[in-house]
2 protein chains.
Amino acid sequence: MKHPVIILVEPQLAENIGMVARAMANFGLSELRLVSPRNGWPKKGAHSAASGATHVLEHAKLFETAREAIADLHYVFATTARERGQMKRVLGPDAAMGEAQSRLGEGQGVGILFGRERTGLENDEISLADAIVTFPVDGQFSSLNLAQAVLLVAYEWRKLAGAALPFSGERRSPPAPRHMVVSFFEYLETELEAVNFYPPDKQPIMARNMRDVFHRLELTEQDVRTLRGAIRALAEGRRLRKP
Amino acid sequence: MKHPVIILVEPQLAENIGMVARAMANFGLSELRLVSPRNGWPKKGAHSAASGATHVLEHAKLFETAREAIADLHYVFATTARERGQMKRVLGPDAAMGEAQSRLGEGQGVGILFGRERTGLENDEISLADAIVTFPVDGQFSSLNLAQAVLLVAYEWRKLAGAALPFSGERRSPPAPRHMVVSFFEYLETELEAVNFYPPDKQPIMARNMRDVFHRLELTEQDVRTLRGAIRALAEGRRLRKP
């Protein structure tokens with residue numbers, strides 16, 4: 001077992017179970033356990049809500065009680081939106097996944113219990129857990145959808161597991177070498193002089209200000225080629241229009 | 001403007017708009033803009049999916065185009081699941097909200113564009129943005145539900161805004177002072193001696209091991225009272241059963 005296990009206790013709506021599977025798959029979790037889903041299992045509607053995360057649904061394991069669902073695990077978190085008066089550590093999803101990561105690294109099995117859509121986990125179920133996970137929600141509007149709660153845990157798991165973003169902006173053109181930038185500046189200033197852009201005596205200060213604008217862009221080679229081409233087109237267009 | 005603005009471009013399903021409103025309200029965001037929702041607005045089904053976040057839906061502003069929806073903003077992120085070949089910075093939701101926070105602090109308006117459920121944002125819409133936000137999803141299963149994507153941005157916003165968890169485990173009983181712990185150990189050892197628990201010559205090592213078990217618990221005053229009461233009940237129950 002290398003990843004945390006997601007355990008849904010008496011989930012009611014098939015759509016929510018499907019969306020949980022999708023949220024898990026988005027962030028690389030795959031082990032789902034279901035404790036007595038209302039109206040049985042499999043349920044109509046779960047697969048379409050899973051949007052293709054069928055591998056998670058098809059391998060989901062069924063249990064009668066939360067106690068049986070966690071029997072093989074070594075460390076268990078219970079999620080709850082409100083204080084239950086139980087003397088347990090209370091962690092956000094980020095700190096909880098940090099704890100999960102170090103325990104999984106030691107070979108322990110780690111699970112997170114999520115309660116019923118309306119009423120959450122019962123106190124006796126929370127009592128089975130080592131620690132509590134809750135979310136930094138707005139106190140005025142604290143009810144998270146079941147799949148949203150699972151998503152935040154899975155997302156924090158994946159962030160801690162060091163997952164990179166699927167792509168980066170680094171395939172840009174390389175930064176332009178300084179000679180290319182200076183040559184572009186000189187070309188631009190020559191063309192501007194040719195159309196009497198600079199008032200008398202203002203050329204040095206206006207040219208410096210213009211250079212500062214372009215320096216702020218941290219121009220790439222491609223940027224310089226693009227800008228140079230645009231300036232040339234404007235300048236030559238003007239020449240062509242002249243008699 | 002103190003919070004980032006969430007902008008949905010041509011959202012299709014009323015349920016998704018409602019769930020976006022709920023996700024925003026969960027993490028303290030309230031300004032929603034809708035660009036040409038399919039089949040008009042308001043739409044049936046959005047309110048029930050919002051689960052009470054009606055203030056967000058009722059104040060949502062309607063626009064014809066993405067360009068109009070961002071006209072008063074100073075910095076705009078575009079969310080996309082796949083590389084678009086645009087030379088922009090690419091950030092995760094955490095780094096993006098860090099950038100948003102510092103710009104909002106300077107009085108800038110900041111918005112995040114989210115695309116259509118199936119096809120996302122068009123390249124011309126991404127072109128309107130200063131930077132790209134993407135999520136550290138599993139490459140095998142990278143399609144996030146619209147409300148899930150909004151949720152992650154809102155969650156990272158709220159984390160960066162320094163929101164505390166809604167409750168903590170710190171209302172525990174205070175840690176037991178050492179004299180209380182040692183007195184409990186002595187009581188336990190006396191009762192165990194009375195029932196010949198310790199084999200001859202093993203008393204010191206077994207007592208030390210037992211003390212270590214309890215020390216690991218970092219006992220609170222309430223813990224010591226609870227355990228002491230349980231030992232007393234066991235010891236006295238045994239005495240009562242004796243003739």
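Residues numbered from 1 in each chain as written. Chains lettered and ligands numbered in written order. Predicted model: local features only at pLDDT ≥ 70, side-chain atom pairs only at ≥ 80, totals over all residues. Heavy atoms only, no water.

Chain A appears in an unreviewed UniProt entry as tRNA (cytidine/uridine-2'-O-)-methyltransferase TrmJ from Microvirga brassicacearum. What UniProt states about chain A under its Sequence similarities (unreviewed entry) heading is, verbatim, "Belongs to the class IV-like SAM-binding methyltransferase superfamily. RNA methyltransferase TrmH family." Reading the Subunit (unreviewed entry) entry of the UniProt record for chain A gives the comment "Homodimer." (UniProt positions renumbered as here; feature names shortened; annotations may be inferred.)

Participant: Please explain the interface of chain A and chain B as it appears in this structure.
Facilitator: Size of an interface: often given as the accessible area lost when the parts come together. Contact residues are listed per partner, giving 52 residues for chain A and 52 residues for chain B. Interface of chain A and chain B: buried area, both sides summed, is about 4400 Å²; carbon and sulfur atoms make up 63% of it. Per-residue buried area on chain A facing chain B is highest for Pro136, Phe141 and Phe167 of chain A; these three make up 18% of the total on that side. The tally of links between chain A and chain B comes to four salt bridges. Between Lys159 of chain A and Glu156 of chain B there is a salt bridge, and its shortest N-O distance comes to 2.6 Å. Every element with two or more residues in the side of chain A that touches chain B is listed here: helix H1 (14-26), strand E5 (89-91), helix H5 (93-105) and helix H7 (146-160) of chain A. The leading source of residues in the side of chain A that touches chain B is H7 of chain A, at eight residues. Split by residue class, the side of chain A that touches chain B holds 26 nonpolar, 15 polar and eleven charged. (Contact = heavy atoms within 4.5 Å. Buried area = accessible area lost by both parts, 1.4 Å probe. Salt bridge = Lys/Arg side-chain N within 4 Å of Asp/Glu carboxyl O. Helix = DSSP H or I, 4+ residues; strand = E, 2+ residues; numbered from the N terminus. Nonpolar A, V, L, I, M, F, W, Y, C, P; charged D, E, K, R; others polar.)

Participant: I would appreciate a short explanation of the confidence of the model for chain A in the present structure.
Facilitator: Predicted coordinates in areas of low pLDDT are best not read in detail. Confidence in the prediction for chain A averages 91 pLDDT; 97% of positions are at 70 or higher. On the interface metric, ipTM, the complex scores 0.84, and its pTM is 0.85. (pLDDT = per-residue confidence, 0-100.)

Participant: I tried to follow the relation of the copies chain A and chain B on my own but got confused; where do I start?
Facilitator: Between the two copies of this chain, the relationship is a rotation about some axis together with a displacement along it. Superposing chain A onto chain B requires a rotation of 180° together with a translation of 0.0 Å along the rotation axis, leaving an RMSD of 0.1 Å. Read as a symmetry element, the transformation amounts to a two-fold axis. Comparing interface residues between copies, 100% of those in chain A also lie at the interface in chain B; the contact surface is shared. (Least-squares fit on C-alpha atoms with pLDDT ≥ 70 in both.)

Participant: Just checking my understanding: could you explain the environment of Leu73 of chain B for this structure?
Facilitator: Structurally, Leu73 of chain B is set in the loop between helix H4 (66-69) and strand E4 (75-79). For the pair Leu73 of chain B and Gln108 of chain B, spaced 35 residues apart in sequence, the C-alpha separation works out to 7.1 Å.

Participant: Looking at this structure, I do not really get the pairing of strand E2 (residues 32-35) of chain A. What am I missing?
Facilitator: Looking along a regular strand, one sees the side chains alternate between the two faces of the sheet. All names here are of chain A. Because side chains alternate across E2, one face comprises the buried residues Leu32 and Leu34, and the other comprises Arg33 and Val35, equally buried. Bridging between strand E1 (residues 5-9) and E2 involves four bridges; their strand directions are parallel. Residue pairing for E2: Val9 is matched across the bridge by Val35. Of the crossover connections in this fold, the one passing from E1 over H1 to the parallel E2 is right-handed. (Buried < 20%, exposed > 50% of the residue type's maximum accessible area, 1.4 Å probe, protein only. Pairing = 2+ DSSP bridges. Right-handed = clockwise from strand over helix to strand, strands pointing away.)

Participant: Got a minute to help me understand the packing of aromatic side chains in this structure?
Facilitator: The relative placement of two aromatic rings is captured by the distance of their centres and the angle of their planes. Residues and elements named next belong to chain A. As enumerated under the stated definition, the model contains 13 aromatic pairs over all chains in all. Centre to centre, the rings of Phe185 and Phe214 are 6.4 Å apart; their planes meet at 50°, and the pair counts as tilted. Placement of Phe185 in helix H8 (residues 178-194) and of Phe214 in helix H9 (residues 203-215) is noted, with a sequence separation of 29 residues between them. Note on Phe214: relative accessible area 13%, which makes it buried. (Phe/Tyr/Trp six-rings, centres within 6.5 Å; stacked < 30°, edge-to-face > 60°.)

Participant: Hey, could you run me through the domain arrangement of chain A in this one?
Facilitator: Splitting chain A by domain gives domain 1 (5-160) and domain 2 (178-241). On a C-alpha basis, the centres of domain 1 of chain A and domain 2 of chain A stand 59 Å from each other. (Domains from an automatic or database assignment.)

Participant: Would you mind going over the UniProt feature "domain: tRNA/rRNA methyltransferase SpoU type" (unreviewed entry) in chain A with me for this structure?
Facilitator: According to UniProt, the "domain: tRNA/rRNA methyltransferase SpoU type" (unreviewed entry) feature falls on residues 5-155 of chain A. In this annotation, residues 5-155 of chain A is assigned 35% helix and 19% strand; the end-to-end C-alpha distance for the span is 14 Å.

Participant: Honestly, the sheet that holds strand E5 (residues 89-91) of chain B in this entry has me stumped. Any pointers?
Facilitator: Strands in a sheet are paired, the pairing made by backbone hydrogen bonds, and the direction either parallel or antiparallel. All names here are of chain B. Spatial ordering of the open sheet is given by E3-E2-E1-E6-E4-E7-E5, a layout of seven strands whose pairing is parallel. Single-partner strands in this sheet number two, and they are strand E3 (61-63) and E5. Direction aside, neighbouring strands of the sheet carry axes that sit 25° apart on average. Sheet contacts for helix H7 (residues 146-160): strand E1 (5-9) and strand E6 (110-114); angle to E6, the most-contacted strand, approximately 155°. (Axes fitted to C-alpha atoms, helices over the stretch in contact; angles between N-to-C directions.)

Participant: I'm lost on the pattern of salt bridges in this one. Help?
Facilitator: Side-chain pairs of opposite charge can arise where the charged atoms are in close proximity. Scanning all chains against the criterion turns up 26 salt bridges over all chains. Measuring nitrogen to oxygen at the nearest pair gives 3.4 Å for the salt bridge that ties Lys159 of chain B to Asp94 of chain A. With one member in each of two chains, Lys159 of chain B in helix H7 and Asp94 of chain A in helix H5 form a pair that bridges those chains. Residue class for Lys159 of chain B comes out partly exposed when judged on its relative accessible area of 25%. Asp94 of chain A sits in the partly exposed class, given a relative accessible area of 32%.

Participant: What exactly am I supposed to notice about unusual backbone geometry here?
Facilitator: Glycine aside, residues mostly have negative phi angles, and peptide bonds mostly take the trans form. All names here are of chain A. Omega for the bond connecting Trp41 with Pro42 falls within 30 degrees of zero, at 0°, which places this linkage in the cis form. Position of Pro42 relative to the elements: it lies in the loop between E2 and helix H2 (46-49). For Ser51, which is not a glycine, the phi torsion comes out positive at approximately 50°. Looking at the secondary structure, you find Ser51 in the loop between H2 and helix H3 (54-58). Positive phi outside glycine occurs at Glu218, with the angle close to 45°.

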